[in-house]
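# Structure assessment
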Amino acid sequence: SKCFRPVKARSPSSSCLYLSCQCGWQSGIDYRSISVHAGRRGSARLSYVRYIKALRFVLVRLKVLVLCTGNSCRSQMAEGLLKSFDPRIEVHSAGTKPAEQVNPHATRVMKEIGLDISGSYPKTVDGFLNEEIDYIITVCGDADENCPVFQGSVGRRMHIGFPDPAEATGAEEEILGVFRQSRDEIKAKFQELYESELKPQLDAAACRAF
């Protein structure tokens, strides 16, 4: 954020870099508590840009759960895409009735754009019911209608629906074409959500964190 600027450190040997904010708040934070740092070990010098990135990663987070029925296609692609937008977003996906495995067509079309979801597997939503979540996003109508009651704190629940590509029939290339279209639609919608809502929240929270 352009809101921050470094100010004079306590001493040349100090590991504490002071930051000031246009909001009027000033803070000194020991960079040795941050795992991302530059320079030789023990050095008090640290790249300002990398320092801010590290602080944002540690201090400013949004937790998002993408929910569908089987957690095998749409929600898996949405999870992979949203993770690629910003490391400050902790993204999970789950299903109300999880399938046995992630659809291989979903894995293939995601790999085409450089995102590997081959290590993912369908998970039940039951494992998230007691957690604090900032956003619950359903991507299929059934999950939206049968979304369970969450005991933990939920910031916002929203529905962004997409047709199920797993219902595609025909030759292999025709099926892949449907999955590619679904992937691109999911990317466009979640990119819009990120730019219009998630990123501004994260940037504002980063400003308030100091």
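This report concerns the structure included in the present document. (Residues numbered from 1 in each chain as written. Predicted model: local features only at pLDDT ≥ 70, side-chain atom pairs only at ≥ 80, totals over all residues. Heavy atoms only, no water.)

### Details of the pairing of strand β4 (residues 62–68)
β4 sits mainly inside the fold: seven of its seven residues count as buried. Side chains Leu-62, Val-64, Val-66 and Cys-68 of β4 all project onto a buried face; the interleaved residues Lys-63, Leu-65 and Leu-67 project onto the opposite face, where all are buried too. Inspection of the sheet shows β4 paired to strand β5 (residues 89–95) by seven bridges, in the parallel sense. Each residue of the ladder has a partner; that of Val-64, found in β5, is Val-91. Where the polypeptide runs from β4 across helix α2 (residues 74–85) and back to β5, its parallel neighbour, the crossover connection is right-handed. Of the strand pairs in this sheet, β4 and strand β6 (residues 133–138) are connected by four bridges, and their pairing is parallel. Within β6, the residue paired with Leu-65 across the bridge is Ile-136. (Buried < 20%, exposed > 50% of the residue type's maximum accessible area, 1.4 Å probe, protein only. Helix = DSSP H or I, 4+ residues; strand = E, 2+ residues; numbered from the N terminus. Pairing = 2+ DSSP bridges. Right-handed = clockwise from strand over helix to strand, strands pointing away.)

### Re the pattern of salt bridges
Under the defined criterion, the tally for this structure stands at 13 salt bridges. A salt bridge links Asp-203 to Arg-88, with the nearest nitrogen and oxygen atoms 3.1 Å apart. Highlighted residues: Asp-203 in helix α5 (residues 172–208) and Arg-88 in the loop between α2 and β5, separated in sequence by 115 residues. Looking at Asp-203, the relative accessible area reads 22%, which means it is partly exposed. (Salt bridge = Lys/Arg side-chain N within 4 Å of Asp/Glu carboxyl O.)

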